[in-house]
Amino acid sequence: MITFVGAGPGAEDLITVRGQRLLEHADLVIYAGSLVNPGLLSLCREDCEIYNSAKMTLEEVLDVMIQGQAAGKEIVRLHTGDPCVYGAIQEQMDELEKRGIPYEYCPGVSSFCGAAAALKAEYTLPGISQSVVITRMAGRTPVPERESIRSFAAHQATMVLFLSTGMLGKLSEELILGGYTADTPAAIVYKATWPEEKVLRCTIETLEQTAAEAGVTKTALIIVGRVLEGEYDRSKLYDPAFTTEFRQGTSSHSFDSTSAGTERSGQ
Ligand code: SAH
C-alpha cells in the first residue's frame, strides 16, 4: 500500500497519530526534503529505505513507488503540512490510478494552521472576516488571471499567502491596489512551529522592509487582514442569550455586539 501522509508544518510532534504509525511501519519512505523536518525520519525502522524527493523528478518518484508496491512494501510518501495545498500530489495519485495501484491519503496540519498558532490568531472573527483566502503570487507556476491578488483583496477577507516571500514589494502593491489600506495589519511567519520560528507583525505597507530586516527570504507565510488587529464582535455560539442545538439561551444576559476584543501588544 502507498499512503500520502501530511508531515505537519515542522515541529516533529505535529504529525498526526495515524501519520506517525504509518512512518513507524513503513518499508519505504519518500519525503519532500526541501520542507519536511528530517527529524521525523527517526520514527522509521532502521531498515526502512528512505528517498529524498527534492532531488527526484515525478517519473523517478513513481518508479520507486511502483517497484516498491510490486515488491509488497508499505510505502509512505511524506509531504509537508497537508498535501492538499501546493502539494503536487494530484499528478502522483492520477498516475497510480492509471496503473490500478491502490493508495490512501492521511491528512496533516497545514502550515497556515501552524502560522495561526504562532500568531495566536483566529482567521475568522465575527464582524471582521468570515472567509480565508489561501493563495500565492504567481511565480514560475502561473496563477489564473481571475485569481489575481488584486481581485481577492477587494473582499477584505483574511488572506494567507504561500510561496510569495520573495515578492513582497509587488504583493503590497497588489493588495493596496485591490482595496486594502496600506496600514492594514499583516504578519510574516517564518518556519511556523519549527524551533527557529519567527513571527513578524507589520502592516501591508511594511511587508518587504520587515522581511528584509529579519533576513527572511523563504519558508514563510504572509497573513493579511483586520483579524490581526484584535477588534471584533463576540461569537453567537457562546453568547448566553443564544439558543443552540445543545444549549437553551437565557434572556437575562443580552448579547454585547460591541467589540469584545482587546488590543494585542505588537511585535
Ligand atoms: N503543503 C504545505 C505547503 C507546501 S508549499 C502546507 O500545507 O503547509 C511550500 C510553502 O509553504 C513555503 O514556500 C511556505 O510559503 C509555506 N510553508 C511551509 N511550511 C511552512 C512553515 N512551517 N512556516 C511558514 N511557511 C511554511
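Computed from a prediction, not measured in an experiment: that's the story for all the values here.

Draft legend 1. Fine view of the domain arrangement of the protein. Domain annotation of the protein identifies domain 1 (2-109), domain 2 (112-228) and domain 3 (236-265). If you average the C-alpha positions of domain 1 and of domain 2, the two centres end up 28 Å apart. Listed by partner, the interface residues are 11 residues for domain 1 and 11 residues for domain 2. Buried surface at the junction of domain 1 and domain 2, summed over both partners, amounts to about 800 Å²; 75% is from carbon and sulfur atoms. Inspection of the region where domain 1 meets domain 2 yields 0 salt bridges. Here domain 1 is connected to domain 2 by 3 residue pairs in polar contact (both at pLDDT 80 or more). Considering only residue class, the side of domain 1 that touches domain 2 consists of 9 nonpolar, 2 polar and no charged.

Draft legend 2. Spotlight on the site of the ligand. Looking at the ligand, there are 18 residues lining it, with Val 85, Ser 110, Ser 111, Ala 192 and Ala 220 nearest. At 2.8 Å from a nitrogen atom of the ligand is found a main-chain nitrogen or oxygen belonging to Pro 9. Within the backbone of Asp 82, an N or O atom sits 2.8 Å from a nitrogen atom of the ligand. Counted by class, the shell around the ligand contains 11 nonpolar, 5 polar and 2 charged residues.

Draft legend 3. Quick peek at the packing of aromatic side chains. For the structure on display, the rule yields 3 aromatic pairs. Between the aromatic rings of Tyr 86 and Phe 162, the centroid separation amounts to 5.2 Å while the plane-to-plane angle is 50°, which identifies the pairing as tilted. You can see Tyr 86 sitting in the loop between strand S4 (75-79) and helix H3 (90-98) and its partner Phe 162 sitting in strand S7 (residues 158-162), a full 76 residues away along the chain. Residue class for Phe 162 comes out buried when judged on its relative accessible area of 9%. Directly above the ring of Trp 194 sits Lys 191, whose terminal nitrogen or CZ lies 3.9 Å from the centroid. A cation over a ring is seen here: Lys 198 above Tyr 190, with NZ or CZ 5.6 Å from the ring centre.

Draft legend 4. Just a negative patch on the surface, in detail. Together, Glu 59, Glu 60, Asp 63, Glu 91, Asp 94 and Glu 97 make up a negatively charged patch on the protein surface. At the level of elements, helix H2 (58-70) and H3 are the ones that each hand at least two residues to the negative patch.

Draft legend 5. View of the pairing of S4. Burial analysis of S4 places 5 of its 5 residues in the buried class, the great majority of the element. Side chains Ile 75, Arg 77 and His 79 of S4 all project onto a buried face; the interleaved residues Val 76 and Leu 78 project onto the opposite face, where all are buried too. Pairing of strand S1 (residues 2-6) with S4 involves 5 bridges; the strand directions are parallel. When the bridges of S4 are listed, Gly 6 appears paired with His 79.

Draft legend 6. Region of interest: the sheet that holds strand S8 (residues 185-190). Read from one edge of the open sheet, 5 strands run S6-S7-S10-S8-S9, paired in mixed fashion. Every interior strand has two partners, whereas the edge strands, strand S6 (132-136) and strand S9 (198-203), have only one. On average, each strand axis in the sheet is tilted by 20° relative to the strand beside it, whichever way the strands run. In this sheet, S7 lies alongside S6 in parallel orientation, the contact comprising 5 bridges. Its bridge partner lying in S7, Val 133 is registered against Met 159. Against the sheet, helix H4 (residues 111-119) touches S6, S7, S8, S9 and strand S10 (220-224), its axis set at about 65° to S10.

About the thresholds
Residues numbered from 1 in each chain as written. Predicted model: local features only at pLDDT ≥ 70, side-chain atom pairs only at ≥ 80, totals over all residues. Heavy atoms only, no water. Domains from an automatic or database assignment. Contact = heavy atoms within 4.5 Å. Buried area = accessible area lost by both parts, 1.4 Å probe. Salt bridge = Lys/Arg side-chain N within 4 Å of Asp/Glu carboxyl O. Polar contact = N/O pair within 3.5 Å; in protein donor to acceptor, adjacent residues only side chain to side chain. Nonpolar A, V, L, I, M, F, W, Y, C, P; charged D, E, K, R; others polar. Near = heavy atom within 4 Å. Phe/Tyr/Trp six-rings, centres within 6.5 Å; stacked < 30°, edge-to-face > 60°. Helix = DSSP H or I, 4+ residues; strand = E, 2+ residues; numbered from the N terminus. Buried < 20%, exposed > 50% of the residue type's maximum accessible area, 1.4 Å probe, protein only. Lys NZ or Arg CZ within 6 Å of the ring centre and 35° of its normal. Patch = residues over 30% accessible without salt bridge, like charges linked within 9 Å, V, L, I, M, F, W, Y side chains within 5 Å. Areas by Shrake-Rupley, 256 points an atom, 1.4 Å probe, with all protein chains shown as cover. Lys, Arg positive; Asp, Glu negative; His and termini not counted. Charge placed at Lys NZ, Arg CZ, Asp CG, Glu CD. Pairing = 2+ DSSP bridges. Axes fitted to C-alpha atoms, helices over the stretch in contact; angles between N-to-C directions.

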